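Geometric and topological summary
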Amino acid sequence: MSAPALERPRADGPPDPAALQERFDATIAAGQRIEPRDWMPGGYRKTLIRQIAQHAHSEIIGMQPEGDWLLAAPSLRRKAILLAKVQDEAGHGMYLYAAAETLGADRADLTDKLIEGRQKYSSIFNYPTLNYADVGVIGWLVDGAAICNQVPLCRSSYGPYARAMIRICKEESFHQRQGYELLMTMMRGTPEQRAMVQDAVDRWWWPSLMMFGPPDEDSPNSAQSMAWGIKRHGNDELRQRYVDMSVPQAAFLGVTLPDPEIAWDAETGHYRFGRIDWAEFKRVISGDGPANAERIARRRAARDDNAWVVEAATSYAQKQAEAAA
Ligand SMILES: [Fe+2]
Ligand SMILES: [Fe+2]
């Protein structure tokens, strides 16, 4: 349920800005949803467009590291699973770009901003996939971290974003299970297969912790996003939740997480963990990770090589409209 739409202009003039702000604040305070037709502060709109675009870009760029393995999947069954998963990620990107469009953003413009480096995407997708176990570890850890981040977004204050997240989270949970199942299968295999899994875990564990973003005290936009109900939890709280979830899963799988400081803390009821290399995070997020240039080059080629499809569809739609007129 949402608050009534934008107040109609009164007979004596435009709507009172203070009344609009008051209605917006009351909607947020009541835990209700803001919808596209509702008035919203400029900063709220801008923050949402940035966050949703960044999220959409991550889904689309995230198709690349796993897509690389579609032709090398070890069996037809694994290929079908991976194909379904990579297609899901494309769908997630599409829902999210559509949600950004309800805020007045233009999809082509967002793509240009991504390619020109003016908008970011998750740092995790700038790491390469070196063997097939990486596909399993991405499902288990990367989709697992995405679930921790995204489940609370199903209650985000912006309606179209929250509703997109409900469907996305259902699919993410399939992604995590297929990854874990692949790893379980490999762990029951040969010593070489077990070593592949451990190697992949060693490479992906720390970058997956970075997916939650910098510590709350270094995350200036976090507090405002929480006040607006866009985010529901701080970065550190979600990261801790993820560690608490992953440590027993690693033990069950039979792998060692590459952090000697991981230990149960009975006092806090959480697992302690070591220091994250934030210098690495900053380097990767600002464009200097192992695969940033390759990811963007491929996205650029996809946009340019497929421009004729957009042109053809646009011109067809135009002709149809003219004929109808
Ligand atoms: Fe996704
Ligand atoms: Fe996913």
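- Going by the annotation in an unreviewed UniProt entry, the name recorded for the chain is Phenylacetic acid degradation protein paaA, with Blastococcus saxobsidens given as the source organism.

**Overview of the packing of aromatic side chains**
- Tallied over the entire structure, the rule returns 10 aromatic pairs.
- Plain terms: the ring middles of phenylalanine 212 and tyrosine 242 are 5.2 Å apart, the flat faces sit at 45° to each other, and that makes the pair tilted. Remark: tyrosine 242 occurs in helix H10 (residues 235-253) and phenylalanine 212 occurs in the loop between helix H8 (191-210) and helix H9 (222-227); sequence separation between them is 30 residues. No difference in accessibility class separates phenylalanine 212 from tyrosine 242, as the two residues are buried.
- Judged by centre distance (5.3 Å) and plane angle (85°), the rings of tryptophan 278 and phenylalanine 281 are edge-to-face. Taken as a pair, tryptophan 278 and phenylalanine 281 lie in helix H11 (residues 278-288) at a separation of 3 residues, close to a single helical turn.

**Comments concerning the coordination of the iron ion (ligand 2)**
- Those protein atoms acting as donors to the iron ion (ligand 2) are Glu89 (OE), Asp143 (OD), Glu172 (OE) and His175 (ND1), and they sit at 1.9 to 2.2 Å.
- One can describe the site at the iron ion (ligand 2) as irregular: its 4 donor atoms subtend angles covering 84 to 159° at the metal.
- A separation of 3.4 Å is found between the iron ion (ligand 2) and the iron ion (ligand 1), both of which receive a donor from glutamate 89. Of this pair, aspartate 143 sits in helix H6 (residues 133-150) while glutamate 172 is found in helix H7 (residues 159-187), placing the two residues 29 residues apart along the sequence.
- According to the relative accessible area criterion, glutamate 172 is buried, its value standing at 2%.

Cut-offs used in this document
Residues numbered from 1 in each chain as written. Chains lettered and ligands numbered in written order. Predicted model: local features only at pLDDT ≥ 70, side-chain atom pairs only at ≥ 80, totals over all residues. Heavy atoms only, no water. Phe/Tyr/Trp six-rings, centres within 6.5 Å; stacked < 30°, edge-to-face > 60°. Helix = DSSP H or I, 4+ residues; strand = E, 2+ residues; numbered from the N terminus. Buried < 20%, exposed > 50% of the residue type's maximum accessible area, 1.4 Å probe, protein only. Donors = N, O, S within 2.8 Å, 3.2 Å for Na, K, Ca; no water. Tetrahedral: all angles 85-135°; square planar, octahedral: opposite > 155°, others 65-115°.

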